[in-house]
Amino acid sequence: MDDELGQALDAVGPRLRALRTEREITLSDLSAATGVSVSTLSRLESGARRPTLELLFPLAKAYGVTLDELVDAPPTGDPRIHLRPVVRNGMTMLPLTRRAGGIQAYKLVIPAGSERREPTPQTHEGYEWLYVLNGRLRILLGEHDLVLSPGEAAEFDTRLPHWFGAVDADPVEFLVLFGSQGERAHLRARPKAKASG
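To start, this report covers the structure provided alongside it. (Residues numbered from 1 in each chain as written. Predicted model: local features only at pLDDT ≥ 70, side-chain atom pairs only at ≥ 80, totals over all residues. Heavy atoms only, no water.)

Here we look at unusual backbone geometry
At E24, a position not held by glycine, the phi torsion is positive, near 55°. With respect to the element layout, E24 can be found in the loop between α2 (12-22) and α3 (27-34). (Helix = DSSP H or I, 4+ residues; strand = E, 2+ residues; numbered from the N terminus.)

What to know about the sheet that holds strand β8 (residues 162-166)
The sheet built from three strands is open, its strands ordered β6-β5-β8 with antiparallel pairing. Among the strands making up the open sheet, the edge pair consists of β6 (144-148) and β8. Adjacent strand axes in the sheet meet at a mean angle of 20°, parallel and antiparallel pairs treated alike. Where strand β5 (residues 137-141) meets β8, five bridges bridge the pair, whose relative direction is antiparallel. Note on β8: the bridge partner recorded for R138 is G165. (Pairing = 2+ DSSP bridges. Axes fitted to C-alpha atoms, helices over the stretch in contact; angles between N-to-C directions.)

Examining the packing of aromatic side chains
Going through the model one piece at a time under the given rule, you end up with two aromatic pairs. Aromatic side chains W129 and Y131 sit 6.3 Å apart centroid to centroid with 10° between the ring planes, which places their arrangement in the stacked category. Classification of Y131 by relative accessible area gives partly exposed; the value is 28%. Both rings, one in F164 and one in F174, keep their centres 5.3 Å apart while their planes meet at 85°; by these two values the pair is edge-to-face. (Phe/Tyr/Trp six-rings, centres within 6.5 Å; stacked < 30°, edge-to-face > 60°. Buried < 20%, exposed > 50% of the residue type's maximum accessible area, 1.4 Å probe, protein only.)

As for the nonpolar core
Formed by 17 residues in total, the largest nonpolar core has its most connected members in L108, I110, L130, L137, I139, F164 and F174. Those elements giving two or more residues to this core turn out to be β2 (91-95), β3 (104-110), β4 (127-134), β5, β7 (153-157), β8 and β9 (172-179). Excluding residues within four positions of it along the chain, L137 makes contact with I110, L130, V132, L146, V147, L148, F164, G165, V167, V172 and F174. Grouped together as the second largest cluster of nonpolar side chains are 14 residues, L16, V36, L55 and Y63 included. (Core = buried A, V, L, I, M, F, W, Y, C linked by side-chain atoms within 4.5 Å. Contact = heavy atoms within 4.5 Å.)

Description of the side chain of T34
By the secondary structure assignment, T34 is in helix α3. For T34, a relative accessible area of 15% gives the class buried. From its side chain, T34 meets the backbone oxygen of L30 in a polar contact 2.8 Å long. Only 3.2 Å separates the side chain of T34 from the backbone nitrogen of V36, close enough to count as a polar contact. Among residues more than four places away in sequence, those in contact with T34 are P58, L59 and A62. (Polar contact = N/O pair within 3.5 Å; in protein donor to acceptor, adjacent residues only side chain to side chain.)

Here it is in structure tokens:
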């Protein structure tokens, strides 16, 4: 058992380096986000320092993964995925994916009578795709002010100032895919027409 634990701990360093590389984060940026020194982060990634919970908690939070994912914990035998909703800015976010890096999927719910009525556009690195399930969603994208109804979708570069909220007092449910810059989700409504010959 001790040998198994040692092998699992030895594998954490390469996993940490791969996560940081995938997300194109520098050691300095990661240090600023976690409060862990650059030298400690470097030693963790190289395997020169054994990981502890005190070090892994802020790293898991910074990468948006669970501790189990960070250390590649063995499955418990329970095949169910236990998703935990997160409430941010008056919205409930339910994660639909559990993999580190790459595209992340969420179901977002803006409750009835939401307080998110006053637009506050934001920008950040990345790319986003969303699809409205229920209700009417207002999206501000740069100079555009759009209303999406159920069955409608939008995709945009998140460096463009953007904001979304409910059009009226009714709740809104929508799916969102967040991806790193350059990763784009495309939706084709109909097949391309064949060239007539």
